[in-house]
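An overview of the molecular structure
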Amino acid sequence: DTAVSQTPKYLVTQMGNDKSIKCEQNLGHDTMYWYKQDSKKFLKIMFSYNNKELIINETVPNRFSPKSPDKAHLNLHINSLELGDSAVYFCASSQDWDSSYEQYFGPGTRLTVT
Amino acid sequence: QKEVEQDPGPLSVPEGAIVSLNCTYSNSAFQYFMWYRQYSRKGPELLMYTYSSGNKEDGRFTAQVDKSSKYISLFIRDSQPSDSATYLCAMSVGNQFYFGTGTSLTVIP
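The present account deals with the structure reproduced in this document. Only a predicted model underlies this, so the values are computations on that prediction, with no experimental measurement involved. (Residues numbered from 1 in each chain as written. Chains lettered and ligands numbered in written order. Predicted model: local features only at pLDDT ≥ 70, side-chain atom pairs only at ≥ 80, totals over all residues. Heavy atoms only, no water.)

Residues and elements named next belong to chain B. An order of β1-β3-β8-β7-β6 is seen for the 5 strands of this open sheet, with the pairing classed as antiparallel. The outermost strands of the open sheet, each flanked by one partner alone, are β1 (4–6) and β6 (54–58). Going across the sheet, the axis of each strand differs from the next one's by a mean of 15°, ignoring polarity. Pairing of β6 with strand β7 (residues 61–66) involves 5 bridges; the strand directions are antiparallel. Opposite Asn55, over in β7, you have Gln64 as the bridge partner. (Pairing = 2+ DSSP bridges. Helix = DSSP H or I, 4+ residues; strand = E, 2+ residues; numbered from the N terminus. Axes fitted to C-alpha atoms, helices over the stretch in contact; angles between N-to-C directions.)

Moving on: unusual backbone geometry. Residues apart from glycine generally show negative phi values, whereas peptide bonds are mostly found in trans. Look at the link from Thr7 of chain A to Pro8 of chain A: it is a cis peptide, with omega at -5°. Cis geometry is found at the peptide bond from Gly9 of chain B to Pro10 of chain B, where omega equals 10°. With respect to the helices, strands and loops of the structure, Pro10 of chain B is situated in the loop between β1 and β2 (11–14). Even without a glycine there, the phi angle at Arg41 of chain B is positive, about 60°. Within the element layout of this structure, Arg41 of chain B appears in the loop between β4 (32–38) and β5 (45–51).

Our focus in this paragraph is the side chain of Ser93 of chain A. Residues and elements named next belong to chain A. The topology assignment puts Ser93 in strand β9 (residues 87–94). The exposure class of Ser93 is buried, given its relative accessible area of 0%. For Ser93, the residues in contact, after removing those within four places along its chain, are Val4, Gln25, Leu27, His29, Thr31, Met32, Tyr33, Glu102, Gln103 and Tyr104. (Buried < 20%, exposed > 50% of the residue type's maximum accessible area, 1.4 Å probe, protein only. Contact = heavy atoms within 4.5 Å.)

Residue and element names in this part refer to chain B. This structure, assessed with the given rule, holds 17 aromatic pairs over all chains. Pairing Tyr25 with Phe33 gives two aromatic rings, centres 5.3 Å apart and planes at 45°, and the pair type is tilted. Over the face of the ring belonging to Tyr49 we find Lys56, whose NZ or CZ atom lies 3.9 Å from the ring centre. (Phe/Tyr/Trp six-rings, centres within 6.5 Å; stacked < 30°, edge-to-face > 60°. Lys NZ or Arg CZ within 6 Å of the ring centre and 35° of its normal.)

Between chain A and chain B, the contact holds 22 residues from the first and 16 residues from the second. Each partner contributes to the roughly 1,700 Å² buried at the junction of chain A and chain B, and carbon and sulfur atoms together form 59% of this total. The tally of links between chain A and chain B comes to 0 salt bridges. Breaking the side of chain A that touches chain B down by element, the ones donating at least two residues are β4 (31–37), β5 (43–50) and β6 (53–57) of chain A. Per-element tally for the side of chain A that touches chain B: the top contributor is β4 of chain A, with 3 residues. (Buried area = accessible area lost by both parts, 1.4 Å probe. Salt bridge = Lys/Arg side-chain N within 4 Å of Asp/Glu carboxyl O.)

Let us look at the state of the cysteines. Enumeration according to the criterion identifies 2 disulfides over all chains in this entry. At a sulfur-sulfur separation of 1.9 Å, the disulfide partner of Cys23 of chain A is Cys91 of chain A. Here the S-S torsion is close to -75°, and the disulfide linking Cys23 of chain A with Cys91 of chain A is therefore left-handed. Here Cys23 of chain A is found in strand β3 (residues 19–25), whereas its partner Cys91 of chain A is found in strand β9, with 68 residues between them in sequence. With a relative accessible area of 1%, Cys23 of chain A lands in the buried category. Each disulfide pairs two cysteine sulfurs, and for Cys23 of chain B the partner residue is Cys89 of chain B, the sulfurs being separated by 2.0 Å. Measuring handedness by torsion sign, the sulfur bridge of Cys23 of chain B and Cys89 of chain B sits at about -100° and is left-handed. Taken as a pair, Cys23 of chain B in strand β3 (residues 19–25) and Cys89 of chain B in strand β9 (residues 85–93) lie far apart in primary sequence, 66 residues in all. Taken as a pair, Cys23 of chain B and Cys89 of chain B share a single burial class, namely buried. (Disulfide = S-S within 2.5 Å.)

Laid out in structure tokens, this is it:
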């Protein structure tokens with residue numbers, strides 16, 4: 001059983017398009033995260049939700065919007081995609097906010113914007 | 001100055017060697033110090049975490065935190081080819097999370 005899953009695994013799209021990445025965790029965790037990893041492997045947190053409530057909203061373009069329909073799901077919608085959005089996006093989860101030091105990561109979604 | 005600095009390597013060692021991976025940081029408020037391992041085209045997986053200062057050992061892995069020097073280390077004893085991966089240090093306090101850029105390690109059989 002996959003603990004944290006993401007779809008799609010690969011996403012190739014053109015500039016200006018709108019796309020979504022979905023994340024699901026079956027661990028029963030309360031807290032979920034979105035990270036962006038650039039070509040130099042630098043991993044940067046973007047958002048975090050705890051019990052469906054947004055608690056981390058780093059300085060990212062407002063073209064990025066997270067949505068948490070329930071505790072097990074955290075989706076990432078990106079509007080008007082730009083070349084610089086090309087990266088690997090990781091979803092992660094932790095038992096709760098106090099256990100944020102122990103995060104479980106998904107396999108990543110490799111986004112390529114052409 | 002970056003919050004977390006990590007030498008990207010690459011680091012190449014023979015099987016059985018002791019590996020030392022290090023990170024420095026600038027924010028003295030950090031409370032949790034983590035080490036993640038990331039295989040190629042996979043998500044990071046948590047190896048170990050330490051709260052505040054001190055050492056922590058888990059099998060062949062030992063994590064050390066020196067808050068006075070703002071320096072953390074991960075030691076891998078008896079390194080194996082399966083340890084070949086990128087190792088990311090990470091630190092947090094409150095809702096602030098920072099990762100190092102990772103050190104690429106190759107263990108040669």
